[in-house]
Amino acid sequence: MPGLLDRRLLFVTGKGGVGKSTVTAALALLAAERGKRVLLVEVDAKGNLTNLFEHPAVGFEPREVHPGVFAMQLDTEASLREYLKLNLRIPVVGRIGPIANVFDFVANAAPGVKEILIVGKVCWEVRESVEGRAPWDLVIVDAAATGHVLAQLDAPRTIRDLVQTGPIRNQTEWMLDILSDPALTALNVVTAPEEMPVNETIELVERAATGSTVPLGAVVVNRVLPEPFTTADEVVFEALAAEPVRSTLEASVGPGVDGVFDAARLAVAMRRSRVVHLDHLRRAVDLPLLLVPYLFVRDHGLRVTRMVAEALAAELGE
Amino acid sequence: MPATSLEALLASREVLVFCGSGGVGKTSTAAATALAAAVHLGGRVLVLTIDPAKRLADALGLEGFGNDARRVPDDVLRRAGLTPRGELWAAMLDTKASWDDLVQRHAPDPATAERILSNRLYDNLTSRFVQSHDYIAMERLYDLHATGAYDLIVVDTPPSRNALDFLDAPQRMADFFGGRLLRWLTVPYRIGGGRGARLVNFASKPFYQVADRILGTQFLQDIAEFFLNFESMYDGFVTRARAVEHLMHDPRTAFTVVTTLEGAPWREAEFFVRELRERRFHLGALVLNRVLPDAFRDPAVAAAADRFVDDADALAAVVAASDPSAASADPAAVARVLRTLGASYRNFAVVATREAELRNRLARAPDVVVTVPTFAEDVHDLGGLAQIGTYLLGGVDPTTR
């Protein structure tokens, strides 16, 4: 099996709030720094993925947001326009407003149609690049959240099963070939060592392993708190925080010592409670786990994206 | 009169809607609020949760109970050290069961209901249809409120891309079923086979062209048949959507925005606050969740942490001289631990500073802003919820009051 970054299509999912976009951006940055030309696709568009490269928002046309990283935002109307042009030979001039409204209606009502346009565009970019017509070495998709990602990625199969004949069905086979090939494609899950994210990850991995066309890649565990002390040092810490040493320190340093001890206790307790969930994940999921440390930073930008990329590089060790 | 504390808000409202972006602790905050209301204020309090963590669901006695509201038994509360003045009830949203109920209720006759329920598109539509969850959550809330059985209903909202989508869901659902597009789609089948297609007006032509070329005739027909049956429930939907809308704007309903002091959730919270105001919903409170303790911004503590890092060796020598006990006798180990302590504090202080900056940025805060500190452990039992409740109600310990 090729290494994660040596595939051609990586989907990244995760529960809200775990840092899915940051990890997606970091994977793109890492691949680009390893000499790859990366297409970074934002699907569930909040339009803030490019912030992580300190670049303004982008549209449907890919823009280079960092050397080697080209970002685009997938929206259904633009995908539809391209699809009609490429596949159905329907020329679409100018805005397709009314048609898009109509289509939006059908796409909302008919299962899998909206999703297949999204996944179809992604697969199309991969096929074009594999066959040398598009410049990407790797396509990375900031995909839907854990609860919806399989519906999104399995849209081609849903359509194939639901629709007996018709043009849209005919498009599903080549997409399925790309999506189901473990040498090309991997679905990766970002999580955090907390109860809900870990449970959702385990559940998703089980569902994906048994019922999805898309092969699983790695689980990225974000925000892993450091273990402040070794066991031996913890004994020392307890001695420092207890009398008589506490008073000795307070006499030398001032009244803030208790605050520092309390802070350390909170850090230790937070780490301990999260380790339980990390262990649970480790036992339940038979996939490579990539650990990214909790970053004590003010806000997110290129510097933080790079820190996460470095952590991922160390974990991937390639 | 605006409520000036969360307690006053709980005492004066019938519905409290919790919104916020994913992962900020919305579900546990909502549950803690309901528990606090049941314990301190009395009455029958219901928490309607959407997707609780398993241990939290277990704590509320929600395991495997589907759509029915269950009372959390008094002895369970007592075992957690709580003496409730009222009753705590909990319900979970079962989207599938709720949709089935809805179809049974709104369909004109049992045969139509059966045709809808057995349609192969139905499952897909109800589980994946835009805002299907949002809509059904509002439906359930309305239903539970209409029973009049509860003095207060605290409701969690479903995770969605835009956490305020649920407010529009009833209207959108009504628009959807009343819309011209649905009429166009179903006209040929309404009148019977292909002959009816001639009656389709000119404006719908591109629709058929595109829809047919994308979806294929057969699929289009399947969809149309399904909606034709579904449309028979239109009047029920519209009536209900108006009633839900009315309840959301009623002075008896208030909204609470939950957020952590992190960039992305905070920006979303600012958006919610603005949007709720603009749309004239009653914003009751803002809950700042998982905030680091004040010690991380205390200058005296910061000074001590700096000394631990800067003067570790000198301090270790003082400690070793004053206390000959084995644990602190090794100056090298003591210096190492002091540096670690100072560095760990500084790490968290960076985060605490960011939190304070964000908090100061809130231009027009609601009347009630409550801070809940970060806890070492995930909250997953009634004791933990009661602890959150202590902060929500402003420092009153629920086990002693």
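These figures come from a predicted structure and were not determined experimentally.

So, about the packing of aromatic side chains. Think of a pair of aromatic rings as described by two things: how far the centres are apart, and how the planes are tilted against each other in angle. For the coordinates displayed, the defined rule picks out 12 aromatic pairs over all chains. For the ring pair Trp89 of chain B and Tyr150 of chain B, a centre distance of 6.0 Å and an interplane angle of 70° mean the geometry is edge-to-face. Of this pair, Trp89 of chain B sits in strand 4 (residues 87-92) while Tyr150 of chain B is found in the loop between helix 8 (132-146) and strand 5 (152-155), placing the two residues 61 residues apart along the sequence. Linked through ring pairs, Tyr294 and Phe296 of chain A together with Phe296, Tyr345 and Phe348 of chain B together constitute an aromatic cluster. Sitting over the face of the ring of Trp174 of chain A, Arg127 of chain A holds its NZ or CZ atom 4.0 Å from the ring centroid.

The next subject is the sheet that holds strand 2 (residues 38-42) of chain A. Strand pairs in the sheet, formed through backbone hydrogen bonds, run parallel or antiparallel to each other. All names here are of chain A. Pairing is mixed in the open sheet, where eight strands are placed in the order 3-4-2-5-1-6-7-8. Two strands close off the open sheet at either side, each with one partner strand: strand 3 (63-66) and strand 8 (289-293). Direction aside, the axes of adjacent strands within the sheet are offset by 25° on average. Strand direction decides the pairing type here: strand 6 (residues 185-191) and strand 7 (residues 216-224), joined by four bridges, are parallel. Across the sheet, the residue bridging to Val189 is Val219, located in strand 7. Set on the sheet, helix 9 (residues 195-211) makes contact with strand 1 (9-14), strand 6 and strand 7; between it and strand 6 the angle comes to about 160°. Docked against the sheet, helix 13 (residues 302-316) engages strand 3, strand 7 and strand 8, running at close to 140° with respect to strand 8.

This part covers helix 6 (residues 110-118) of chain B. Residues separated by three or four positions in an α-helix point in the same direction, a consequence of the helix having 3.6 residues per turn. All names here are of chain B. Considered for burial, the residues of helix 6 that qualify are Thr112, Ala113 and Ile116. Within helix 6, the buried residues cover an arc of 100° as seen down the axis, which keeps them to one side. Projecting away from the buried face of helix 6 at angles above 90 degrees are the exposed residues Pro110 and Ser118. Measuring from the side-chain oxygen of the N-cap residue of helix 6 to the backbone nitrogen of Ala111 gives 3.1 Å; that N-cap residue is Asp109.

Here the focus is the pairing of strand 7 of chain A. Residue and element names in this part refer to chain A. Taken across its nine residues, strand 7 has eight buried, putting it largely inside the fold. The parallel pair strand 6 and strand 7 is bridged by helix 9, and the resulting crossover is right-handed. Note: strand 7 against strand 8, four bridges, orientation parallel. Opposite Val220, over in strand 8, you have Leu290 as the bridge partner.

Here we come to the packing of helix 6 (residues 155-162) of chain A against helix 8 (residues 172-179) of chain A. Between two packed helices, the angle of one axis relative to the other and the distance separating the axes together describe the packing. All names here are of chain A. Here helix 6 crosses helix 8 at 145°, and the two axes come no closer than 9 Å. When you trace helix 6 past helix 8, the crossing you get is left-handed. Residue-level inspection shows Pro156, Arg157, Ile159 and Arg160 of helix 6 in contact with helix 8, the latter providing Thr172, Glu173, Met175, Leu176 and Leu179. Among the residues forming the contact of helix 6 with helix 8, the class breakdown is five nonpolar, one polar and three charged.

The share of residues in chain B with pLDDT of 70 or more is 80%, and the mean pLDDT across the chain is 81. Between residues 396-401 of chain B, whose pLDDT stays under 50, and residues either more than four places distant or in other chains, the model counts 13 contacts.

Where helix 10 (residues 231-241) of chain A meets helix 17 (residues 331-361) of chain B, the closest approach of the two axes is 9 Å, and the angle between their N-to-C directions is 80°. Comparing their axes, helix 17 of chain B and helix 10 of chain A come out roughly perpendicular. Residues Asp233, Val236, Phe237 and Leu240 of chain A of helix 10 of chain A lie in contact with helix 17 of chain B, whose contacting residues are Ala333, Val334, Arg336, Val337, Leu338 and Leu341 of chain B. Of the residues belonging to the contact of helix 10 of chain A with helix 17 of chain B, the class tally is eight nonpolar, no polar and two charged.

This part is about the pattern of salt bridges. Residues and elements named next belong to chain B. The full count for this structure, using the stated rule, is 34 salt bridges over all chains. Between Glu14 and Arg252 there is a salt bridge, with the nearest N and O atoms lying 3.5 Å from each other. With Glu14 in the loop between helix 1 (6-12) and strand 1 (15-19) and Arg252 in the loop between helix 13 (234-249) and strand 6 (253-260), this pair connects stretches of sequence that are 238 residues apart. In this structure Glu14 comes out as partly exposed when scored by relative accessible area, which is 27%.

Right, let's talk about the side chain of Thr29 of chain B for a bit. Residues and elements named next belong to chain B. When you line up the elements, Thr29 lands in helix 2 (residues 26-41). Judged by its relative accessible area of 1%, Thr29 falls in the buried class. Ignoring any residue separated from it by four or fewer positions in sequence, one finds Thr29 in contact with Phe18, Val258, Val287, Asn289 and Leu392.

All names here are of chain B. On the basis of which strands lie adjacent, the open sheet formed by eight strands has the order 3-4-2-5-1-6-7-8 and mixed pairing. The outermost strands of the open sheet, each flanked by one partner alone, are strand 3 (70-71) and strand 8 (368-373). By the bridge criterion, six bridges tie strand 6 to strand 7 (residues 283-291) in an arrangement that is parallel. Across the sheet, residue Thr260 finds its bridge partner in strand 7, namely Asn289. Set on the sheet, helix 2 makes contact with strand 1, strand 2 (44-49), strand 4, strand 5, strand 6 and strand 7; between it and strand 2 the angle comes to about 175°. Strands strand 7 and strand 8 of the sheet are contacted by helix 18 (residues 382-392), whose axis makes an angle of about 140° with strand 8.

Parameters at a glance
Residues numbered from 1 in each chain as written. Chains lettered and ligands numbered in written order. Predicted model: local features only at pLDDT ≥ 70, side-chain atom pairs only at ≥ 80, totals over all residues. Heavy atoms only, no water. Phe/Tyr/Trp six-rings, centres within 6.5 Å; stacked < 30°, edge-to-face > 60°. Helix = DSSP H or I, 4+ residues; strand = E, 2+ residues; numbered from the N terminus. Lys NZ or Arg CZ within 6 Å of the ring centre and 35° of its normal. Pairing = 2+ DSSP bridges. Axes fitted to C-alpha atoms, helices over the stretch in contact; angles between N-to-C directions. Contact = heavy atoms within 4.5 Å. Buried < 20%, exposed > 50% of the residue type's maximum accessible area, 1.4 Å probe, protein only. Arc of directions from axis to C-beta. Polar contact = N/O pair within 3.5 Å; in protein donor to acceptor, adjacent residues only side chain to side chain. Right-handed = clockwise from strand over helix to strand, strands pointing away. Left-handed = near helix turned anticlockwise from the far one by under 90°. Nonpolar A, V, L, I, M, F, W, Y, C, P; charged D, E, K, R; others polar. pLDDT = per-residue confidence, 0-100. Parallel < 35°, antiparallel > 145°, perpendicular 65-115°, else oblique. Salt bridge = Lys/Arg side-chain N within 4 Å of Asp/Glu carboxyl O.

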